[in-house]
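# Descriptive analysis of the structure
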Amino acid sequence: MDNKKLEKIAKSVRKSVFEFKTRDGIGHLHSSLSPVDVLVSLFYDEETIFDHKEDIVIFGKAHGSPSIYPILADLDYFPKDELEKYCRPGGILRLHSDWTIPGCHFVGGSLGNGIGYATGLAQAERDKNIYLIMGDAELYEGSVWESLMYISHHNLTNLRIIVDRNGLGTIGETEKMLKLEPLADKMKSFVGDVVEIDGHNYDSLRGVFSSQNPQVVIAKTTKGKGVSYMEGKWKYHTIVPSSKEDIKLGLEELS
Amino acid sequence: MTQRDTFIDELFKIAKEDKDVILISVDMGASALDQWRDELPEQFIWTGISEQHSINLAAGLSAKGKKVYVYMMAAWSARCFEQIRYSCSMPGNPVTILSNGVALGYAPAGPAHETNEDIAYMRSLLNVEIHCPRNIPKTKELVRLSYEEPKLRYIRLERKYDVRFNDEDNGSLIGGIEMVKPGLFNNPARTGEPKVAIVSYGYMLGRCDDVWKKMMENNIEGCLFDMYQLKPNPITESMFDSFTHIISVEEQTLSGGFGSIILEGLSDVGVKKDVLRIGLPERYIFENGDRDYHLDSNGLSVDSIYDKVVEFING
């Protein structure tokens, strides 16, 4: 699929997420916008090796997992009107995805655990691919590095780790909090096959999700991508736009 | 043989026939592990000291249909409590946790290695079964149960502990609690006398047996119960009909522990009885000594328990 079409899909996904998040103001919109292009590349670009019917996506950073809901609805995992019932009584979609939601496979919400769980899935069925989407601020959890050592030792190459490297924690930049850089070098010392790419560039995404297929992809992204006043602003981690003007502007930019 | 080696040994026999049985050792040793390493290397996973990862890994394997056992130190169950809750309990992944060195079992190593609260915090988890086998037959039966009916289980294993109360102690797990020492005299002339039920589990049963003997010597009516299943709560409405006093004895601090299970069980079935909880004091033990020394010096000697019983029934 050409990049223009992928970008168009990504925009509609972001708009959908923006709509259901701002409807009731229920959190982590900011974190849900950064990994959208990664997901669109996996799910819609035929040149990637990802197969949503066979492969499993695990969200380590489950607070960003609502980004997958419009995609799963589009692929008929559940009715589209579920998006309108997001976080409402009677709806099936929650702030953190969990295994009760069709197309989701893990109880989300506690950082640092998705990687170990995904490791178990990958080891149980080595012929299946597991795609793990982690947050960069999730890397501060020690359990992540326990699992990385294990993944390397057991050569679990069917587990593909994507770090949504948006550079922000809850209340500021990761490099001001505790330096993660040089992140690629740190990851390489655990699992050798690590690449850094622009997580919003479809050529780059296609490259790593098709022929290169490295174990770890550090996808440099922008938190709040697509909404100019939110992009890269850490305070939006916990704030969902609520004023009519902000919502109108956001929707305009995503339309 | 220890309960631990018995469990690992019995499980090995099953694992040889079923490749989906996986044993994870969080760098914990046991002589029974050697055969796993030699003969079933694909089914033995040595994760290293990484409790959080090990539980998440086990949960993931379990989600794909593997029958997973995690062998770890009891004290570190607190360290991966979150992962047990999050990756096993919430999604219903039936991992079996083999908890070794329970309560003061590692006493010479100091309070960091002791688990005087694990019953309290583990039983707060949803969808978990907790077992404390008193002997080898019960340990073997738990191997069968965990394999045939997978569930999230926390099995507290003793080291060299194998208490048999009679020749027919065959390991049945039916009921979760059983009277192991009868001691009601059924004498109509003693209708108004106290009738004591001592309820305990695991390592404390040996001491409670001595307390019971002392009660018999001193003409105090009472029976000893082993409650080897702590969750689900096995107490029934009629279980203590014949008793006037119920006394729980545990190798734990009292906050939310074994005695609390008794109280909750009685309350849930609408039984009102006088209950005394006996356990470890609310403190960490920073003194040298082995398990029995610490029990003796922290209110859980046979004489101390007996004195508390007498004071309670005379109170």
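Right, let's get into helix 6 (residues 136–148) of chain B. Residue and element names in this part refer to chain B. An ideal rise of 1.5 Å per residue puts 18 Å on 13 residues; helix 6 measures up with 19 Å between its terminal C-alpha atoms. Taken together, the buried positions of helix 6 are occupied by I136, K138, T139, E141, L142, V143 and S146. Considering only its buried residues, helix 6 is in contact with helix 1 (3–17), strand 4 (96–100), strand 5 (129–131) and strand 6 (153–157).

Attention now goes to the interface of chain A and chain B. Counting residues at the interface gives 17 residues for chain A and 19 residues for chain B. Among the elements of the structure, helix 5 (114–124) and helix 6 (142–153) of chain A are those that each provide at least two residues to the side of chain A that touches chain B. Across the side of chain A that touches chain B, the residue classes break down as seven nonpolar, eight polar and two charged.

So, about the packing of helix 7 (residues 204–217) of chain B against helix 10 (residues 302–314) of chain B. Residues and elements named next belong to chain B. In the contact formed by helix 7 and helix 10, the axes pass within 9 Å of each other and the chain directions differ by 55°. On the basis of the axis angle, helix 7 is oblique to helix 10. In the crossing of helix 7 with helix 10, the sense of the turn from one axis to the other is right-handed. From helix 7, R207, D210, V211, K214 and M215 reach across to helix 10, where they touch V302, I305, Y306 and V309.

Right, let's talk about the packing of helix 3 (residues 51–63) of chain B against helix 4 (residues 81–89) of chain B for a bit. All names here are of chain B. Close contact between helix 3 and helix 4 brings their axes to 9 Å; oriented N to C, the two are set at 10°. One element, helix 3, and the other, helix 4, form an angle in the roughly parallel class. Across the interface between the two elements, Q52, I55, N56 and A59 from helix 3 touch Q83, I84, S87 and C88 from helix 4. Here the residues of the contact of helix 3 with helix 4 sort into four nonpolar, four polar and no charged.

Moving on to unusual backbone geometry. The residue after A:E181, namely A:P182, is reached through a cis peptide bond having omega 0°. Residue placement: A:P182 occurs in the loop between helix 7 (174–177) and helix 8 (183–188). With omega at 0°, the peptide bond leading from B:K231 into B:P232 counts as cis. Structurally, B:P232 is set in the loop between strand 10 (229–231) and strand 11 (245–253).

Strand pairing in a sheet is mediated by backbone hydrogen bonds. Such pairs are either parallel or antiparallel. Residues and elements named next belong to chain A. The strand order 1-2-3-5-4 describes an open sheet built from five strands, whose pairing is parallel. Every interior strand has two partners, whereas the edge strands, strand 1 (56–59) and strand 4 (194–198), have only one. For this sheet, the mean angle separating the axes of adjacent strands, direction not counted, is 20°. Judged from the five bridges that link them, strand 3 (residues 159–165) and strand 5 (residues 216–220) form a sheet pairing that is parallel. Considered in strand 5, the bridge of I162 is made with V217.

All right, on to the domain arrangement of chain B then. Residues and elements named next belong to chain B. Taken as a whole, chain B is organised into domain 1 (3–157) and domain 2 (178–314). Here the C-alpha centroids of domain 1 and domain 2 sit 28 Å apart. Counting residues at the interface gives 21 residues for domain 1, matched by 27 residues for domain 2. Elements with a contribution of two residues or more to the side of domain 1 that touches domain 2: helix 5 (118–122) and strand 5. Counting residues per element, the side of domain 1 that touches domain 2 draws most heavily on strand 5, at three residues. Per-class residue counts for the side of domain 1 that touches domain 2 are 12 nonpolar, three polar and six charged.

Reading the values: rules and limits
Residues numbered from 1 in each chain as written. Chains lettered and ligands numbered in written order. Predicted model: local features only at pLDDT ≥ 70, side-chain atom pairs only at ≥ 80, totals over all residues. Helix = DSSP H or I, 4+ residues; strand = E, 2+ residues; numbered from the N terminus. Expected span 1.5 Å × (residues − 1). Buried ≥ 20, exposed ≤ 12 C-beta atoms within 10 Å, placed from the backbone. Contact = placed C-beta atoms within 7 Å. Nonpolar A, V, L, I, M, F, W, Y, C, P; charged D, E, K, R; others polar. Axes fitted to C-alpha atoms, helices over the stretch in contact; angles between N-to-C directions. Parallel < 35°, antiparallel > 145°, perpendicular 65-115°, else oblique. Left-handed = near helix turned anticlockwise from the far one by under 90°. Pairing = 2+ DSSP bridges. Domains from an automatic or database assignment.

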